[in-house]
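Summary of structural features
Chain by chain, the residues run as shown.
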Amino acid sequence: MIRKYTVLLFAMIIASLALQGQTFKYTNITPPNWHGVSFNDVCFRDSLNGFAIASSGMLLRTKNAGDTWQVQTDSLSGIALCFKNKDTAFCIGSKVFMSIDGGETWNQTQTLPHAAYQISFINQKVGFAVGLQTIRKTSDGGKTWKQVLDYFDPVSGIIESYHFVDANNGFAFAQLGVYFQTTNGGETWSKKTYSTKYDIFDAYFFDSLHGIACTGSGEILESFDGGASWSILIKANNTDDFSQLIHFGTSNFKVYTSDAFWQSNDNGKTWTKTAIPN
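Structural notes, computed from the coordinates.

Basis of the calculations
The numbering scheme is per chain: residues are counted from 1 as the chain's sequence reads. Confidence filtering applies because this is a predicted model: local features only for residues at pLDDT of at least 70, side-chain atom pairs given and counted only at 80 or more, and all residues used for totals across whole chains, interfaces and linings. Values shown for side chains rest on all heavy atoms present in the structure; no hydrogens or waters enter the calculation. Definition used for salt bridges: Asp or Glu carboxyl oxygen within 4 Å of a side-chain nitrogen of Lys or Arg. Within 6.5 Å between ring centres, the rings of Phe, Tyr and Trp (the latter by its six-membered ring) count as paired, and their orientation is classed by plane angle as stacked under 30 degrees, edge-to-face over 60, tilted in between. Here a strand is any run of E in DSSP of at least two residues, a helix any run of H or I of at least four, and the numbering for each starts at the N terminus. Here, nonpolar core refers to any group of buried Ala, Val, Leu, Ile, Met, Phe, Trp, Tyr and Cys residues whose side-chain atoms link them within 4.5 Å. Burial classification: accessible surface area is computed with a 1.4 Å probe over protein chains only, and a residue below 20% of its type maximum counts as buried, one above 50% as exposed, and the rest as partly exposed. By definition in these notes, contact holds between two residues if any of their heavy atoms fall within 4.5 Å.

1. Observations regarding the pattern of salt bridges
Scanning the model with the defined rule gives 6 salt bridges in all. Overlapping salt bridges bring together Lys-137, Lys-146 and Glu-187 as one network.

2. A few points about the packing of aromatic side chains
Applying the stated criterion across every chain, the model contains 21 aromatic pairs. Relative to Trp-189, the ring of Phe-164 lies with its centre 5.9 Å away and its plane at 85°, an arrangement referred to as edge-to-face. Placement of the pair is Phe-164 in strand 13 (residues 161–164) and Trp-189 in the loop between strand 15 (178–182) and strand 16 (190–193), with a sequence separation of 25 residues. By way of ring pairs, the aromatic residues Phe-171, Phe-173, Tyr-179, Tyr-194, Phe-205 and Trp-230 are connected into one cluster.

3. Points about the nonpolar core
Ranked by size, the top nonpolar core spans 17 residues in total, and within it Ile-135, Leu-149, Tyr-151, Ile-159, Ala-172, Phe-180 and Trp-189 carry the most contacts. Breaking this core down by element, the ones donating at least two residues are strand 10 (127–131), strand 12 (146–150), strand 13 and strand 15. Setting aside residues up to four positions removed in sequence, Trp-189 forms contacts with Ile-135, Val-148, Leu-149, Phe-164, Gly-170, Phe-171, Ala-172, Phe-180, Gln-181 and Thr-182. Judged by nonpolar contacts, the second largest core, of 12 residues, contains Ala-80, Cys-82, Ile-119 and Trp-145.

4. Section: the environment of Asn-267
Structurally, Asn-267 is set in the loop between strand 23 (260–264) and strand 24 (272–275). In this structure Asn-267 comes out as partly exposed when scored by relative accessible area, which is 23%. As for Asn-267 and Gly-211, which are separated by 56 residues in sequence, their C-alpha atoms are 9.5 Å apart. Residues within four places of Asn-267 in sequence aside, it is in contact with Phe-206, Ile-212, Thr-250, Ser-251 and Phe-253.

Here it is in structure tokens:
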């Protein structure tokens, strides 16, 4: 699922990551001429320098922790951004763009047959890019990407999210109770099913058995058997869309809706709700 953000939401996420649960305020920093512009992803190289990619291909940059943003280029097509380290970054969609100078310049390195909308690295060499129906892996630091999972099912739909516990063990979740597991670093994936009526949109695993997840219908779930079964930790309003589970610090999590966020400071055991002011 492609998840679009506004600059206001960028600021909220940045604040939650930087302050790790401390009191903070929300500030709408969207310039007037950007209203109506949709953004696909945001990624920060460090506490001050960040980038945001718009659906139009415009790449924005901030050098002051998101207080102000400038257009760096308007010709970089992509859906997801990722910094592997302070110098090496990727912007991925139907094409792979790579920067080796901290996001100053970008060069296309590959064209993909199916667009990817998520990208992350588990170390400096190994990374994964997930599309609606595919998972691709790089073992050379992002220079080349090979397909390791090709999945399409008209019933269970698309791959929603993925998470790696360590260099070997990982999970990827589709819809309607379908998920995939790898134990060999993503080289092969086993298709499995989980016993819940809820669609898992995002998940985080502490080890190969224990994980938490959020759903598109306002639930936060917990599993102790590697994702085969899930119990409800909290149930929000049916209109809440928990599309992304944000992990920061050592034991802190957040999920956002349009008017509130839920936060846990104890690895998902308990959650508190805070309204987002208009």
